[in-house]
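# Summary of the model geometry
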Amino acid sequence: AQSVTQLGSHVSVSEGALVLLRCNYSSSVPPYLFWYVQYPNQGLQLLLKYTSAATLVKGINGFEAEFKKSETSFHLTKPSAHMSDAAEYFCAVKGGNNRLAFGKGNQVVVIP
Amino acid sequence: GAGVSQTPSNKVTEKGKYVELRCDPISGHTALYWYRQSLGQGPEFLIYFQGTGAADDSGLPNDRFFAVRPEGSVSTLKIQRTERGDSAVYLCASKTDTGELFFGEGSRLTVL
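Residues numbered from 1 in each chain as written. Chains lettered and ligands numbered in written order. Predicted model: local features only at pLDDT ≥ 70, side-chain atom pairs only at ≥ 80, totals over all residues. Heavy atoms only, no water.

### Here's the deal with the state of the cysteines
This structure, assessed with the given rule, holds two disulfides over all chains. Note that C23 of chain A is cross-linked by a disulfide to C91 of chain A, the S-S spacing being 1.9 Å. Taking the sign of the S-S torsion, about -65° here, the bridge from C23 of chain A to C91 of chain A comes out left-handed. Separated by 68 residues along the polypeptide, C23 of chain A in the loop between β3 (19-21) and β4 (24-26) and C91 of chain A in strand β10 (residues 87-94) bring together distant segments of the chain. Each of the two residues, C23 of chain A as well as C91 of chain A, counts as buried. In this model, C23 of chain B is linked to C92 of chain B through a disulfide, with the two sulfur atoms separated by 1.9 Å. Sign of the S-S torsion, about -70° for the bond between C23 of chain B and C92 of chain B, identifies this disulfide as left-handed. With C23 of chain B in strand β3 (residues 19-24) and C92 of chain B in strand β9 (residues 88-95), the pair connects residues that are 69 residues apart, well separated along the chain. Accessibility classification places C23 of chain B together with C92 of chain B in one group, the buried group. (Disulfide = S-S within 2.5 Å. Helix = DSSP H or I, 4+ residues; strand = E, 2+ residues; numbered from the N terminus. Buried < 20%, exposed > 50% of the residue type's maximum accessible area, 1.4 Å probe, protein only.)

So, in structure tokens, the structure goes:
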């Protein structure tokens, strides 16, 4: 079964600094990978997705992620954090019946 | 609105009671998913509908949980004899056959 691992539940980053959220996957087939963001009291919103095309994927709000098969990773980055980036971020992999398996999430806190 | 609508947004109930959570998907979306998000965890798959039928209900934790989608649009998640461990945010998502998954804001269930 497909799964993803996100380490470090809380991530603090200074405003203007690099945001790096790590995601490693386990999959027996070429994976479809996703990053979602969840703002307080809102639904999950898709940031970006990897579907076996370009390995560097650009998403909304300046985020991007790079698929590295050799490292089974799909880390999320943003060069410069904004206060508005404070939210919870989830990595997910698509499994059978198009169901998603999510990681535990990273709560990002942006320090002014 | 144009998004996935979930009601109620908050539900507080007592142990042993019956609850129903409703999901109104985006018009025209044939696929509908229910997920459960417990505190500090990522969303966990419960059940998937393709049209009116449950194509995959392997994520339902036990027979106290049941979901229906009688007309292929609105879905209701039903929980019998609620337990404190059922407390979580229940998320609904819908999509077209080939499209992006859109999530609702969730129904927060608290069992006292």
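### Re the interface of chain A and chain B
How big an interface is tends to be stated in terms of accessible area lost as the parts join. On the chain B side, the residues contacting the 15 residues of chain A number 19 residues. Each partner contributes to the roughly 1,500 Å² buried at the junction of chain A and chain B, and carbon and sulfur atoms together form 50% of this total. Between the two partners, chain A and chain B, sit one salt bridge. Note that R99 of chain A and D56 of chain B form a salt bridge whose closest N and O atoms lie 2.9 Å from each other. Scanning the region where chain A abuts chain B turns up four residue pairs in polar contact (both at pLDDT 80 or more). (Contact = heavy atoms within 4.5 Å. Buried area = accessible area lost by both parts, 1.4 Å probe. Salt bridge = Lys/Arg side-chain N within 4 Å of Asp/Glu carboxyl O. Polar contact = N/O pair within 3.5 Å; in protein donor to acceptor, adjacent residues only side chain to side chain.)

### Things to note about the environment of V111 of chain B
All names here are of chain B. With respect to the helices and strands, the residue V111 is situated in strand β11 (residues 107-111). Sequence separation between V111 and E14 is 97 residues; the distance between their C-alpha atoms is 5.3 Å. Beyond its immediate stretch of four places on either side in the chain, V111 contacts T13, E14, K15, T82, E83, R84, D86 and S87.

### Brief notes about the layout of surface pockets
Approximately 560 Å³ is the volume attributed to the largest pocket. For the largest pocket, the lining is made up of 25 residues, of which Q38 and N41 of chain A together with Q37, V89 and R108 of chain B are closest to its centre. Looking at the lining of the largest pocket, the elements with two or more residues in it are β10 of chain A together with β9 and β11 of chain B. When the residues that make up the lining of the largest pocket are grouped by side-chain class, the tally is eight nonpolar, 14 polar and three charged. Considering the residues around the second largest pocket, the lining is formed by 17 residues, among which L100, A101 and F102 of chain A together with E44 and F45 of chain B are closest to the centre. Secondary structure elements with two or more residues in the lining of the second largest pocket: β10 and β11 (100-102) of chain A together with β5 (44-50) of chain B. With three residues, the top contributor of residues to the lining of the second largest pocket is β11 of chain A. Partitioned by chemical class, the residues of the lining of the second largest pocket number seven nonpolar, six polar and four charged. (1 Å grid on protein atoms, 1.4 Å probe; cavity = no way out; pocket = protein on both sides within 12 Å on 5 of 7 lines; lining within 4 Å. Points joined across faces, edges and corners; volume = space filled by probe spheres on them. Nonpolar A, V, L, I, M, F, W, Y, C, P; charged D, E, K, R; others polar.)

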